[in-house]
Amino acid sequence: MNEHDSERIASLLVKDGYSQTDDVEQADVVVLNTCCIRENADTKLYGNLGHLKAVKDRNQDLQIVVAGCLAQKDRDEIAKRASWVDVVVGTHNVSRVPALLEDSRNYGTIVEILEESAIDDELFSLTATRANLPFSAFVTVQVGCDNNCAFCIVPAVRGREVSRKFGDIVAEVERLAQEGVTEVTLLGQNVNSYGRDLAIEARRSGEYDRFTLGDRYVVDSAHSLRPLFSELLREVSAIEGIERVRFTSPHPKDIRPETIAAMAEVRQVMNQLHFPLQAGSDRILAMMHRGYTAERYLAKLAAARQAIPDLAVTTDIIVGFPSETEEDFEATLEVAAAACFDSAFTFIYSPRPGTEASLMVDHFIDPEVIQRRFDALKVVVEHSALLKHQERIGRVEMVLVEGPSKKQEGVFSARTSQNKLVHFARPKSGSQVRLAAGSYALVEITSATPHFLRGDLVDVVAPPRHRRKIDVAVG
Ligand code: SF4
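We now turn to the structure provided with this report. Per chain, residues are indexed from 1 in the order of the written sequence. Totals for whole chains, interfaces and linings use every residue, but because this is a predicted model, local features are given only for residues with pLDDT of at least 70 and side-chain atom pairs only at 80 or more, for both listing and counting.

**Section: the overall build of the protein**
Then step 1. Along the backbone of the protein there are 15 helices and 21 strands.
Then step 2. Counting other C-beta atoms within 10 Å of each residue's C-beta, where C-beta atoms are placed from the backbone, gives the exposure class: buried for 20 or more, exposed for 12 or fewer, partly exposed between. In the protein, which comprises 475 residues, the proportion classed as buried is 40%.
Then step 3. Intrachain contacts of the protein at a sequence separation of at least 6 include 69% that bridge at least 24 residues. Strands here are runs of E lasting at least two residues and helices are runs of H or I lasting at least four, both read from the DSSP assignment and numbered beginning at the N terminus. Residues are treated as contacting if the C-beta atoms built from their backbones sit within 7 Å of each other.

This is the structure we're talking about:
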């Protein structure tokens, strides 16, 4: 979400006449888009601002913007601690960055933070393709979160859940497809509850425009007002030119059979599910307010795997939540092993000021103990990742080419339908193959590591809407 916000701010500034530069000495505007979900966000922010002060001393015209959830949380504090900042803007009004830059030229430092009640269609309508991947786009379907996970600062800095109009999302994807985008990732903090707020509001007000799609209402099978996330998946997938639809993140407690069915039945919805576990101990899950037990989580996972062919599953796990005992941690290891994840984002618990868990100071775990547990968990998740990746060897996978590898000369990087990273040798010079970023290609997987695959190019497939085979002459 934060990355997408950065792209949206960049695209607004480009529309306003700026161009991007990697050289801070050349910049007229520097935007620091913060994310306080990450550890030490404020230390990093003030470190960067200290560096930028020296740049601004050399270039008085430089304007500095601090955006994102740390700005939303700390507000005036930032301008107090770094008086050379020109604009502080929250998560709900990024669309105002160009106007605020203009205002600050006349009036000095401006701090503008809006609450979620101020979210309007303009925020959602700011779109941008992903940096360096113009064939792929994030599309926001919802902002904020109505859950209250004890470790998480998102509800405090992103506010309550607000869903975007169903028809607007579909229209945006249609426009992106016309511009050459073939892959979209639908973004929300809890995509499975997409539309819940729209239904409540429509019943309250009697106005149903947010549910309309063309000339019909979006209803679920019981004909109650609720645009289901699964319907969004189906509608977006039906748009001509869209070949790959992904989404993040669903909450395990809220995932619905209709979503699983859409994943199983719709070719364009990729066989990849991010399914955040967080912990394997029921006691810790209850303290976290996650709304499921380990058994329930595994049952939902099994149902998804049974319904969706060749499903890849990734997860998030926190180690060292306050009061976590050896027994609790063993339960996490057991569930992680049973779930056999394709990959896992593992985190050492660190308190976020303002969250419920940050107050459990007396129950914080010794950092050495956490590190030992973290290392043990890494062994388990890397073992399952390697097993899952080795299963791919010998298969021919359809990949979306991202471009030349940043690390290895002569190698291309691409993503499989399961979103696994695969590296393969670029066609030899003189071959007839035209392999560019955004191409679809068939790659035979030849080897595997826990974090990526290697393969050989088999064939190149033209962009989907002009689907035809391209002759390949590769040595
Ligand atoms: S569901 Fe996700 S975003 Fe919402 S509070 Fe929990 S961890 Fe945070």
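**Observations concerning the site of the ligand**
Then step 1. The rule is simple: place the C-beta atom from the backbone, and if it lies within 6 Å of a molecule or strand, the residue is near it. For the ligand, the full set of nearby residues is Cys 145, Asn 147, Cys 149, Cys 152, Val 154, Pro 155, Gln 189, Asn 190 and His 251.
Then step 2. The class makeup of the residues in the shell around the ligand is five nonpolar, four polar and no charged. Here the term charged refers only to Asp, Glu, Lys and Arg, the term nonpolar to Ala, Val, Leu, Ile, Met, Phe, Trp, Tyr, Cys and Pro, and the term polar to all other amino acids, Gly among them.

**Structural notes on the environment of Ala 238**
Then step 1. Examined against the element boundaries, Ala 238 turns out to sit in the loop between helix 10 (229-237) and strand 12 (244-248).
Then step 2. For Ala 238, a count of 12 C-beta atoms within 10 Å translates into the label exposed.

**Let's talk about the sheet that holds strand 15 (residues 343-348)**
Then step 1. The rule for pairing is simple: two strands pair if DSSP sees at least two bridges between them. With respect to topology, three strands assemble into an open sheet ordered 13-14-15, the strand pairing being parallel. A strand with exactly one partner marks an edge of an open sheet, and here the two such strands are strand 13 (272-274) and strand 15. Neighbouring strand axes in the sheet, compared pairwise and without regard to direction, differ in orientation by 15 degrees on average.
Then step 2. Pairing analysis gives six bridges linking strand 14 (residues 312-319) to strand 15, with the strands arranged parallel. Within the sheet, the bridge partner assigned to Ile 317 lies in strand 15 and is Thr 346.
Then step 3. Interaxial angle, 0 to 180 degrees, is taken between N-to-C directions of lines fitted to C-alpha atoms, where a helix line uses only the stretch in contact. The strands touched by helix 15 (residues 367-390) within the sheet are strand 14 and strand 15, with strand 15 carrying the most contacts at an inclination of about 175 degrees.

**Considerations on the sheet that holds strand 3 (residues 87-89)**
Sheet strands associate in pairs through backbone hydrogen bonding, adopting either a parallel or an antiparallel arrangement.
Then step 1. Spatially, four strands are ordered 1-2-3-4 in an open sheet, and the strand pairing comes out parallel. Because the sheet does not close on itself, it has two edges, and the strands there are strand 1 (29-34) and strand 4 (110-112). The sheet shows a mean angle of 10 degrees between the axes of neighbouring strands, taken without regard to direction.
Then step 2. The pairing of strand 1 with strand 2 (residues 63-68) spans six bridges and is classified as parallel. What sits directly across from Leu 32, in strand 2, is Val 66.
Then step 3. Packing against the sheet, helix 1 (residues 2-15) makes contact with strand 1 and strand 2, and its axis sits at approximately 160 degrees to strand 1.
Then step 4. Contacts from helix 5 (residues 97-107) reach strand 1, strand 2, strand 3 and strand 4, with the element oriented near 145 degrees to strand 3.

**What about the pairing of strand 16 (residues 396-404)?**
Then step 1. Note: strand 16 against strand 19 (residues 440-448), five bridges, orientation antiparallel. In the sheet register, Met 398 faces strand 19, and the bridge partner there is Leu 442.
Then step 2. The pairing of strand 16 with strand 17 (residues 411-416) spans five bridges and is antiparallel. When the sheet's bridge partners are listed, Gly 403 is paired in strand 17 with Ser 413.

**Focus on the nonpolar core**
Then step 1. Only buried residues count toward a nonpolar core: Ala, Val, Leu, Ile, Met, Phe, Trp, Tyr and Cys, linked into one set through C-beta atoms within 7 Å. In this structure, Val 65, Ala 67, Val 89, Val 97, Val 184, Leu 232 and Ala 336 are the most contacted members of the largest nonpolar core, which totals 90 residues.
Then step 2. Formed jointly, this core draws a minimum of three residues from each of two domains, domain 1 (2-114) and domain 2 (117-270).
Then step 3. For Val 65, the contacting residues outside a window of four places in its chain are Val 29, Val 31, Asp 86, Val 87, Val 89, Val 97 and Leu 101.
Then step 4. Residues Leu 400, Val 401, Ala 441 and Leu 453 belong to the second largest nonpolar core, which totals 16 residues. Domain delimitation follows an automatic or database domain assignment.

**Description of the packing of helix 10 against helix 11 (residues 257-265)**
Then step 1. Between helix 10 and helix 11, the shortest axis-to-axis distance is 8 Å and the interhelical angle comes to 20 degrees. When the axis of helix 10 is compared with that of helix 11, the two are roughly parallel. The chirality of how helix 10 crosses helix 11 is left-handed. Within the contact between the two elements, helix 10 uses Phe 229, Ser 230, Leu 233 and Arg 234 and helix 11 uses Glu 258, Thr 259, Ala 261 and Ala 262.
Then step 2. Tallied by class, residues from the contact of helix 10 with helix 11 come to four nonpolar, two polar and two charged. Here is the rule for angles: anything less than 35 degrees is roughly parallel, anything more than 145 is roughly antiparallel, 65 through 115 is roughly perpendicular, and the remaining ranges are oblique. By convention, the crossing between two helices is left-handed when the near helix turns anticlockwise from the far helix through less than a right angle, and right-handed when the turn is clockwise.

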